[in-house]
2 protein chains.
Amino acid sequence: MATTNKPVSAEIEALSAVLGTDASKLLDPTVARAWIALLTAYGRVTRALSSELMDASGMSLADFDVMAQLVRSEEYRLRMSELADAALISKSGLTRRIDQLAVNGWVTRRRCTEDGRVHWATLTPLGLRAFKGAAPAHLAAVAERFGSALPASEMERLTRDLLKIAAKNAEPINS
Amino acid sequence: MATTNKPVSAEIEALSAVLGTDASKLLDPTVARAWIALLTAYGRVTRALSSELMDASGMSLADFDVMAQLVRSEEYRLRMSELADAALISKSGLTRRIDQLAVNGWVTRRRCTEDGRVHWATLTPLGLRAFKGAAPAHLAAVAERFGSALPASEMERLTRDLLKIAAKNAEPINS
DNA sequence: CCCAGGTAGTTGCAGACGCAACTATACCCC
DNA sequence: GGGGTATAGTTGCGTCTGCAACTACCTGGG
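Reference entry: report on the structure contained in this document. Just so it is clear, the model here is predicted, and its values are computed rather than measured.

### Some words on the protein's contact with DNA strand C
Thought 1: Neighbouring residues of DNA strand C: 25 residues in total, closest Ser81(A), Thr95(A), Ser90(B), Ser92(B) and Gly116(B).
Thought 2: Counting only the atoms of DNA strand C within 4 Å of the protein, the fraction contributed by sugar and phosphate is 67%.
Thought 3: The separation between a phosphate oxygen of DNA strand C and a polar side-chain atom of Ser90(B) is 2.7 Å.
Thought 4: Residue Gly116(B) places a main-chain N or O atom 2.6 Å away from a phosphate oxygen belonging to DNA strand C.
Thought 5: In terms of residue count, helix H6 (residues 91-103) of chain A provides more of the surface near DNA strand C than any other element does, four residues in total.

Structure below.
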């Protein structure tokens, strides 16, 4: 993902003049502010983390996430579908991400002998080393840019709130 | 953008086994969970809002945001740079977005007579109508998918927390 | 044994994005 | 005034993403 960033909304408030006097009935200003704050925080943090990770280790945030999933999996491997769901990306997106990681020699893709439809993506020793090299700085960056903004108790509350929002919008990425 | 979505990280925890025993020193699990929660909530909500808006009004979230900025501006117009900053996208991104909106007849682009470098992006009456048509449903969707998850007081706390995070990572998108 | 139906992945395609380089102005100062 | 520098936008380029269509393969029923 190099340095991609969701464009995304910004500012929904103050539309009353145009929509009539009831804009605040459509969207509570409190909610509007929170929404904008979410977009801003997300955008800034991911943009920064993304370019830092790329500069330091030559991998995109998406690459890191995919590899992180493999690292924590049995035998460092996962089926393509499982991996796509775990990394929150589409199946086609994962196919290409794995293509790339394979070129780097960080992951291999092998057809499953028992079920020919299935393919295993496996982290190579080289990939593991690359991940180990990248993780410390990246995790520290997350801690710094995101984690250090709030005390632990507040962070937990934030998590609960965000999970409630996520829960309201369930539905895995690969419908 | 139809249904674009940030891929983005997911799961940074449980790496201790691989990194040594100190993964939690690099990134507090509490922070890791919060980070993942943010990514998940953001991804799900924007994905849903994006496709709903596109289906209902034929405009992307980015289009909506840009038009929203113009709607709330003096004379429905803004200089390209101001608009890019306000809508949280890059200058080049805005150039193309405006190209598109201009094709739709929703926005015009005119060179400023006093300063030839400046270009004004102006919402057309047609654009205003399109925006008015799209806003109610979109705002309602934000209220439903995002706003309804938490009570007002909690929403305000969330806003404060997110703004603290955003503040820690200042730096406008167009450095 | 073969076909229908379902699952796993891949590919064609089109839409976005951002950075860096480039163009067009404006401004400043000698 | 002419040159150097700064600002506003645009364009070239490479990359990423997802959806829909397609291929490959397994499985169950007749």
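### A closer look at the environment of Thr46(A)
Residues and elements named next belong to chain A.
Thought 1: Within the fold, Thr-46 resides in helix H3 (residues 29-57).
Thought 2: Overall, Thr-46 belongs to the buried group, its relative accessible area being 0%.
Thought 3: Thr-46 sits 96 residues away from Val-142 along the chain, and the two C-alpha atoms are 9.3 Å apart.

### Some words on the protein's contact with DNA strand D
Thought 1: Around DNA strand D, the surrounding shell holds 25 residues, and the nearest of these are Ser90(A), Ser92(A), Ser81(B), Thr95(B) and Arg109(B).
Thought 2: Backbone atoms, meaning sugar and phosphate, make up 67% of the atoms of DNA strand D lying within 4 Å of the protein.
Thought 3: Put simply, the parts of the chain that give the surface near DNA strand D at least two residues each are H6 of chain A together with helix H5 (80-86) and helix H6 (91-103) of chain B.
Thought 4: For the surface near DNA strand D, the residue count by class is five nonpolar, ten polar and ten charged.

### Topic: the relation of the copies chain B and chain A
Thought 1: For the pair chain B and chain A, the best superposition has an RMSD of 0.1 Å and corresponds to a rotation of 180 degrees with a translation of 0.0 Å parallel to the axis. What we have between these two chains is a two-fold relation.
Thought 2: Comparing interface residues between copies, 99% of those in chain B also lie at the interface in chain A; the contact surface is shared.

### Thoughts on the environment of Leu49(B)
Thought 1: When you line up the elements, Leu49(B) lands in helix H3 (residues 29-57).
Thought 2: Residue class for Leu49(B) comes out buried when judged on its relative accessible area of 0%.

### Digging into the packing of H3(A) against helix H7 (residues 125-145) of chain A
All names here are of chain A.
Thought 1: The contact between H3 and H7 brings their axes to 10 Å, and the two run at 160 degrees. As far as their axial angle goes, H7 and H3 are roughly antiparallel. Handedness of the crossing formed by H3 with H7: right-handed. Residues Val-45, Ala-48, Leu-49, Glu-52, Leu-53 and Ser-57 of H3 lie in contact with H7, whose contacting residues are Ala-134, His-138, Ala-141, Val-142 and Arg-145.
Thought 2: Per-class residue counts for the contact of H3 with H7 are seven nonpolar, two polar and two charged.

### Re the interface of chain B and chain A
Thought 1: Facing 80 residues of chain B, the contacting portion of chain A comprises 79 residues.
Thought 2: Together chain B and chain A conceal approximately 7,500 Å² of surface at their shared face, both sides included; 72% is due to carbon and sulfur atoms.
Thought 3: Where chain B touches chain A, the interface holds zero salt bridges.
Thought 4: Linking chain B with chain A are six residue pairs in polar contact (both at pLDDT 80 or more), by the criterion used here.
Thought 5: When contributions to the side of chain B that touches chain A are tallied by element, the ones reaching two or more residues are helix H1 (16-19), H3, helix H4 (61-71), helix H7 (125-145) and helix H8 (152-168) of chain B.
Thought 6: Residues belonging to the side of chain B that touches chain A are distributed by class as follows: 51 nonpolar, eleven polar and 18 charged.

### Some points on the sheet that holds strand S1 (residues 77-79) of chain A
All names here are of chain A.
Thought 1: A sheet is described by the order of its strands in space; here three strands give the open sequence S1-S3-S2, paired in antiparallel fashion. Two strands close off the open sheet at either side, each with one partner strand: S1 and strand S2 (107-111). Put simply, the sheet's adjacent strands are angled 25 degrees from each other on average, direction ignored.
Thought 2: Summarising the sheet, S1 and strand S3 (residues 119-123) pair through three bridges and their orientation is antiparallel. Each residue of the ladder has a partner; that of Arg-77, found in S3, is Thr-122.
Thought 3: Where helix H4 (residues 61-71) meets the sheet, its contacts fall on S1, S2 and S3, and the angle it forms with S3 comes to roughly 95 degrees.

### Topic: the sheet that holds strand S2 (residues 107-111) of chain B
All names here are of chain B.
Thought 1: Judged by pairing direction, the sheet is antiparallel, and its three strands sit side by side in the order S1-S3-S2 without closing on themselves. At either end of the open sheet lies a strand with only one pairing partner, and these are strand S1 (77-79) and S2. The sheet shows a mean angle of 25 degrees between the axes of neighbouring strands, taken without regard to direction.
Thought 2: Strands in contact with H4 are S1, S2 and strand S3 (119-123); relative to S3, the strand with the most contacts, it is inclined by about 95 degrees.
Thought 3: Of the strands in this sheet, S2 and S3 are in contact with H6, which crosses S2 at around 120 degrees.

### Considerations on H3(A)
Residues and elements named next belong to chain A.
Thought 1: The terminal C-alpha atoms of H3, which comprises 29 residues, lie 41 Å apart, in line with the 42 Å expected from a rise of 1.5 Å per residue.
Thought 2: Backbone nitrogen of Thr-30 and a side-chain oxygen of the N-cap are separated by 2.6 Å at the start of H3; the cap is Asp-28.
Thought 3: The positive-phi residue at the C-terminal boundary of H3 is Gly-58, with phi of around 65 degrees.

### Describing H7(A)
Residues and elements named next belong to chain A.
Thought 1: Here H7 is 21 residues long and its end C-alpha atoms lie 30 Å apart, about the 30 Å a rise of 1.5 Å per residue gives.
Thought 2: Along H7, the sharpest kink reaches roughly 35 degrees, centred on Ala-135 and followed within four residues by the proline Pro-136.
Thought 3: Where H7 is concerned, the buried positions are Gly-127, Leu-128, Ala-130, Phe-131, Ala-134, Ala-135, His-138, Leu-139, Ala-141 and Val-142.

Thresholds applied
- In this convention, every chain numbers its residues from 1, walking through the sequence in written order.
- All chains are assigned letters beginning with A, and all ligands numbers beginning with 1, in the order in which they are written.
- Totals for whole chains, interfaces and linings use every residue, but because this is a predicted model, local features are given only for residues with pLDDT of at least 70 and side-chain atom pairs only at 80 or more, for both listing and counting.
- Processing note: side-chain calculations cover all non-hydrogen atoms of the structure and skip hydrogens and water entirely.
- Near residues are defined by distance, with any heavy atom within 4 Å of the molecule or strand qualifying the residue.
- Polar contacts here mean pairs of N or O atoms no more than 3.5 Å apart (in protein, one a potential hydrogen donor and the other a potential acceptor; neighbouring residues in sequence count only if both atoms are side-chain atoms).
- Helix and strand definitions follow DSSP, with helices as H or I runs of at least four residues and strands as E runs of at least two, each counted in order from the N terminus.
- Only protein chains enter the area calculation, which uses a 1.4 Å probe; residues under 20% of their type maximum are buried, those over 50% are exposed, and those in between are partly exposed.
- Each residue is assigned to one of three groups, with Ala, Val, Leu, Ile, Met, Phe, Trp, Tyr, Cys and Pro labelled nonpolar, Asp, Glu, Lys and Arg labelled charged, and all others, Gly among them, labelled polar.
- For the least-squares superposition of copies, only C-alpha atoms count, and only for residues with pLDDT at least 70 in both.
- In this description, contact between two residues means that some pair of their heavy atoms is separated by no more than 4.5 Å.
- All axes are obtained by fitting lines to C-alpha atoms, using only the stretch in contact for helices, and the reported angles, taken between N-to-C directions, cover 0 to 180 degrees.
- In these notes the angle categories are as follows: under 35 degrees is roughly parallel, over 145 is roughly antiparallel, 65 to 115 is roughly perpendicular, and the rest is oblique.
- Handedness of a crossing follows from how the near helix is turned relative to the far one, being left-handed for an anticlockwise turn of less than a right angle and right-handed for a clockwise one.
- Buried area is a sum: the accessible area each of two parts loses on coming together, probed at 1.4 Å, counted once for each and added.
- Salt bridge, as used here, is a side-chain nitrogen of Lys or Arg placed within 4 Å of a carboxyl oxygen of Asp or Glu.
- A pair of strands counts as paired when DSSP detects no fewer than two bridges linking them.
- Expected helix span is computed as 1.5 Å times (number of residues minus one).
- Two axes enter the definition of the bend at a residue: one is fitted to the seven residues ending there, the other to the seven starting there, and the bend is the angle between them.

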